[in-house]
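Next come the chains, spelled out residue by residue.
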Amino acid sequence: MDDVTAPIKFGVGQPVRRWEDLRLLTGRGRYQDDWVLPRQSWCVFVRSPHAHALIRSIDTAAAEAAPGVLAVYTAADYEADGLSMPKANMPRKKRDGSPMFAPQRPALVRDRVRYVGDAVAMVIAETLAQAKDAAELVEVDYDPLPSVTNVAAAAEPDAARVWDENPDNISHTLERGDKAATDAAFARAAHVVRRRYVVTRVHAQYMEPRGALGSYDDFEDRYTLYADVNYPHRVRNMLANNVFRVPESKVRVVVNDVGGGFGAKGWQYVDHRLTLWAARKLGRPVKWRCERSEVIMADEHGRDNIGEIELALDASGKFLAVRLHMLASIGAYIASDRQLLTPFGQIITLTGVYDIPAAHVTIDAVLSNTNPTAPYRGAGRPEAIYLIERIIEAAAEATGIDPIALRRRNVVHPQALPYKAPLGPVYDSGDFARNMDLALDASDYAGFPARQAESASRGKLRGIGFVNAIEQAAGPVPDYAEIRFQPSGSAMMLMGTKSHGQGHETAYKQILFDKLGIDPREVQFIDSDTDRVAFGMGSNGSRSMVVGGSALVLAADKIIAKGKQLAAHMLEAAEADIDFADNTFSVAGTDRAVTLKQVAMASFQPAKLPKGMPPGLIESATYAPEQATYPNGTHVCEVEVDPETGTVQMLNYVVVDDVGTIVNPLTLAGQIHGGVAQGAGQILMEEVVYDRESGQLVTASFMDYAMPRADTMCGVTIKSNPHPTPSNLLGVKGAGEAGCVGALPAVMIAIVNALKPLGVKELDMPATPLRVWQAIQAAKAAGS
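Residues numbered from 1 in each chain as written. Predicted model: local features only at pLDDT ≥ 70, side-chain atom pairs only at ≥ 80, totals over all residues. Heavy atoms only, no water.

J.: Looking at this structure, how should I read the side chain of Ser 84?
T.: Residue position: Ser 84 is located in the loop between helix 4 (75-80) and strand 4 (112-113). For Ser 84, a relative accessible area of 18% puts it in the buried group. There is a polar contact of 3.2 Å between the side chain of Ser 84 and the side chain of Arg 245. For Ser 84, the residues in contact, after removing those within four places along its chain, are Tyr 78, Asn 242, Val 243 and Arg 245. (Helix = DSSP H or I, 4+ residues; strand = E, 2+ residues; numbered from the N terminus. Buried < 20%, exposed > 50% of the residue type's maximum accessible area, 1.4 Å probe, protein only. Polar contact = N/O pair within 3.5 Å; in protein donor to acceptor, adjacent residues only side chain to side chain. Contact = heavy atoms within 4.5 Å.)

J.: So what exactly am I meant to see when it comes to the layout of surface pockets here?
T.: A water-sized probe rolled over the atoms picks out the places where empty space is left. Of the voids in this model, the second largest pocket is the one considered here, and its volume is about 460 Å³. If you go around the second largest pocket, you meet 20 residues; those closest to its centre are Val 44, Phe 45, Val 46, Ala 135 and Glu 136. Those elements giving two or more residues to the lining of the second largest pocket turn out to be strand 1 (41-47), helix 5 (128-135), strand 6 (139-144) and strand 12 (286-289). With 5 residues, strand 1 is the single largest residue contributor to the lining of the second largest pocket. Along the lines of polarity and charge, the residues of the lining of the second largest pocket split into 12 nonpolar, 2 polar and 6 charged. (1 Å grid on protein atoms, 1.4 Å probe; cavity = no way out; pocket = protein on both sides within 12 Å on 5 of 7 lines; lining within 4 Å. Points joined across faces, edges and corners; volume = space filled by probe spheres on them. Nonpolar A, V, L, I, M, F, W, Y, C, P; charged D, E, K, R; others polar.)

J.: What is the right way to look at the nonpolar core in this model?
T.: In summary, soluble globular proteins display a tendency toward joint burial of nonpolar side chains. Among the nonpolar cores identified, the biggest contains 133 residues, and Val 120, Met 650, Tyr 653, Val 747, Ile 751, Leu 755 and Leu 763 are the most heavily contacted of them. Per element, the largest residue contribution to this core is 13 residues, and it comes from helix 19 (residues 738-755). Setting aside its immediate chain neighbours within four residues, Val 747 contacts Cys 637, Met 650, Tyr 653, Ala 680, Ile 683 and Leu 684. Counting residues in each nonpolar core, the second largest holds 53 residues, with Phe 45, Tyr 78, Leu 108 and Ala 298 among its members. (Core = buried A, V, L, I, M, F, W, Y, C linked by side-chain atoms within 4.5 Å.)

J.: Just to check I follow, could you spell out the packing of helix 15 (residues 504-516) against helix 16 (residues 544-571) for this structure?
T.: When two helices pack together, their arrangement is captured by the angle between the axes and the distance separating the axes. Look at helix 15 against helix 16: their axes get within 10 Å of each other, and the N-to-C directions meet at 35°. Helix 16 is crossed by helix 15, and the crossing has right-handed handedness. Contact with helix 15, carried on its side by His 504, Ala 507, Tyr 508, Ile 511, Leu 512, Lys 515 and Leu 516, involves Ser 544, Met 545, Gly 548, Gly 549, Leu 552, Val 553, Ala 556, Asp 557, Ile 559 and Ile 560 of helix 16 and no other residues of that element. A breakdown of the residues in the contact of helix 15 with helix 16 according to their chemical character gives 11 nonpolar, 4 polar and 2 charged. (Axes fitted to C-alpha atoms, helices over the stretch in contact; angles between N-to-C directions. Left-handed = near helix turned anticlockwise from the far one by under 90°.)

J.: Would you mind going over the pairing of strand 5 (residues 119-125) with me for this structure?
T.: For strand 5, the buried fraction is high: 7 of the 7 residues fall into the buried class. The pairing of strand 1 with strand 5 spans 6 bridges and is classified as antiparallel. The partner of Cys 43 across the bridge, within strand 5, is Ile 124. Both strand 3 (residues 69-74) and strand 5 contribute to a ladder of 5 bridges, which runs antiparallel. Bridged to Val 72 within strand 5 is Val 123. (Pairing = 2+ DSSP bridges.)

J.: Explain the sheet that holds strand 13 (residues 302-313) here, please?
T.: Note: strands within a sheet are paired through backbone hydrogen bonds, in either parallel or antiparallel orientation. The strand order across the open sheet formed by 5 strands is 7-15-14-13-8, and the pairing between neighbours is mixed. The open sheet has two free edges, formed respectively by strand 7 (170-177) and strand 8 (191-202), since each of these has just one partner strand. Across the sheet, the mean angle from the axis of one strand to that of its neighbour is 10°, orientation sign disregarded. Judged from the 10 bridges that link them, strand 14 (residues 319-331) and strand 15 (residues 358-367) form a sheet pairing that is parallel. Each bridged residue has a counterpart across the sheet, and for Leu 327 the counterpart in strand 15 is Asp 364.

J.: Teacher, can you tell me more about the sheet that holds strand 25 (residues 618-623) here?
T.: Here we have 4 strands laid out as an open sheet, ordered 21-20-19-25, and mixed in their pairing. Two strands lie at the open edges of the sheet, namely strand 21 (523-527) and strand 25, each paired on one side alone. With strand direction ignored, the average angle separating the axes of adjacent strands in the sheet is 15°. Where strand 19 (residues 479-485) lies against strand 25, 6 bridges are found, and the strand directions are antiparallel. Looking at strand 25, one finds that Asp 479 is bridged to Tyr 623. Contacting strand 19, strand 20 (491-495) and strand 21, helix 15 crosses the sheet at an angle of about 130° to strand 21. Strands in contact with helix 16 are strand 19, strand 20 and strand 25; relative to strand 25, the strand with the most contacts, it is inclined by about 145°.

J.: Would you take a moment to explain the state of the cysteines for this structure?
T.: The bond known as a disulfide is covalent and runs between the sulfur atoms of two cysteines. Using the criterion set out here, one finds 0 disulfides in the structure. Cysteine Cys 43 shares no disulfide, and the gap to the nearest cysteine sulfur, in Cys 290, comes to 11 Å. The structure places no disulfide on Cys 637, whose sulfur is separated from the nearest cysteine sulfur, that of Cys 714, by 6.0 Å. Taking relative accessible area as the criterion, Cys 637 reaches 0% and is therefore assigned buried. (Disulfide = S-S within 2.5 Å.)

J.: Sorry, what's going on with the pairing of strand 15 here?
T.: For a regular strand, side chains alternate in direction, first toward one face of the sheet and then toward the other. Within strand 15, 10 of the 10 residues are buried, which leaves the element mostly enclosed by the surrounding structure. Alignment of strand 7 against strand 15, held across 7 bridges, turns out to be antiparallel. The residue of strand 15 that forms the bridge with Arg 176 is Val 361.

J.: Whenever I open this one, the packing of aromatic side chains confuses me. Can you help?
T.: Each aromatic ring pair is summarised here by two numbers: the centre-to-centre distance and the angle between the ring planes. Using the criterion set out here, one finds 19 aromatic pairs in the structure. Arranged with centres 5.2 Å apart and planes meeting at 75°, the rings of Tyr 78 and Trp 277 form a pair that is edge-to-face. Highlighted residues: Tyr 78 in helix 4 and Trp 277 in helix 9 (residues 270-282), separated in sequence by 199 residues. Taken individually, Tyr 78 and Trp 277 each receive the classification buried, so the pair is uniform in this respect. The interplanar angle of 90° and the centroid separation of 6.1 Å between the aromatic rings of Tyr 427 and Phe 432 together place this pair among those described as edge-to-face. What links up through ring pairs into an aromatic cluster is the set Phe 101, Tyr 115, Trp 163 and Tyr 333. Over the ring of Tyr 269 we find Arg 210; its NZ or CZ atom is 3.5 Å from the centre of that ring. Note that Lys 265 overlies the ring of Tyr 206, its terminal NZ or CZ placed 4.4 Å from the centroid. (Phe/Tyr/Trp six-rings, centres within 6.5 Å; stacked < 30°, edge-to-face > 60°. Lys NZ or Arg CZ within 6 Å of the ring centre and 35° of its normal.)

J.: How should I be thinking about the packing of helix 8 (residues 232-244) against helix 9 in this particular structure?
T.: Across the interface, helix 8 lies against helix 9 with an axial gap of 11 Å and an inter-helix angle of 70°. Here helix 9 runs roughly perpendicular to helix 8, going by the angle between their axes. As for the relative orientation of helix 8 and helix 9, their crossing is right-handed in sense. On helix 9, the residues that touch Leu 239, Val 243 and Phe 244 of helix 8 are Arg 273, Leu 276 and Trp 277. (Parallel < 35°, antiparallel > 145°, perpendicular 65-115°, else oblique.)

Next comes the structure, spelled out in structure tokens:
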């Protein structure tokens, strides 16, 4: 590894290679499946093959008698032990004002399964093979019922009911904005454009499927869960308070390396509590490893909504108002508030970077016979930008105004900041028009007609998509950092956030180096163990550098403050005369100085301390931002379509991003590349599909669920237009989801633009070759 001790190579803003990669790339990572405990047993879940069915009986006798089987548990066993279920607490209501219908998710289903994959039994054996064999022997007598898996169909009044206790399949309705002002704006509009856009259901498809390993210590009367979650402390609190009803000190959650998360690994899966419960009953650890073929049945899914959006414009093309009615699938259960986060909480950026005076949004939360949905990279922000950018493109077509000119005419300018958008967010910094200028230049937008003509000479269709994106990130939720020096002068850094591939260790060490000048090789990085880290809210919503990084700054400031007191005592000077820079405390105007390491070592020697100073150099801090941040940018995508086959090839992609202060340009680029790939994957091929008649999951494996590969992507050019936010101590805005937020509309608009000469005006994702070819044929038939 390169020498990282020099400030120019390791401070904030430097493109430092990830510190953790050497360990991960040489096989020294510890992922979920690497956990092995003494006397460990294995479990397998028996899952429903039906989308909706009554359970008449469950016969476990043959399975219990199978070789190596330790236990077979059902809902009856779980309920007999009196364990609780978490529930949603957010105050949501139905349209008539009655409380929302929020069915809790049982750990194991007793009487009625509600989607393909619902767990009905848990088989535990000495080996994984024995557990699998025994699970095949569990006999469940099902009585199939009518099912509904499509969100639009489920919202119909005569749809099959997911829950008999609810008069329809609408759990609740959420409204935002000013309806009266919006209606008035539409009434006086010169142009009104209406469209219906589908955002498909997808799955995170991380490299390592989920898992859980539960153990119980009878001597300490204490549970330990080893899991790959984003929020270790929140998982601990949920298990302690809402399931086992014990003090938090009786539950420990440990997370090591996570093989990808993207929101879907979050928290609150039933297998966590089941492995812990079974471990206590059996007196030995119980491990569950999700099979790749089981993943889509076992996990929460993302997206799955339909937006009917309207945009009102005056005669000059100024935006007056936007109105949206969305159907948002939440699946069969609402296990916790997590199911209420997306797109409900993040649709507030629907107005994008544009000055739209009025907006009103209505979202119906729709129950269906599908897996519950939850946050997935972007968590509502990609949906919002997809809807507004596509309707703007449609408005440009309807009014005859150039789409770039239409955006320029309505963009919020820097002098208007801070700007409060009609759905609530306050944009405090940025230059959205400058983003557009930089993107036009970097993509050679002016040269597109020539490139389009060249493609046409080869019988291909070339299209370009240009979009502006903004997202809400890092909301006002606290997080924790601790800096703990050892008697040798080395340090430990303990963080309440949780890395699952973002490169936290490197970025936090860069921040610590900037503040304290500590050699990163002398800093041990620790996160994700509730016994070692005092507090934390984990990682989600691009919050880690914003909140965790700011907490680290506060903790470092405390180290400096105490260090100055001790250095003054050591140097026999007044504290007011002590300066700190470059890892050194010095007396102003003299050559007398001590290093931070010397001060740290002295702090553990009581004889060297000033009177009243407690020994040790250990400081912690909790930071809570007062408001969210708003990363923003402009995306340009260029594609080529083969009209004979419908195949889409991405040719070029440009991103101009404003993520505030850039801690590490190299890891930032990685985050944006990954986000763009996930967004492009959803537009081009990804989709969780259920059979409309049977409710069967059609895309349960990679044979049917298509994923983007290296040859799907093109080169991605990244330009920065950073405007640090004043809302946190580092000026960072967050970057983990920025690529995905802009990619959905950019890729789709490019495809539609390519097909426009053939008469294709609209297309829904995924833009598979078959769907594109069908759209071409339909347009040809309509034209003839």
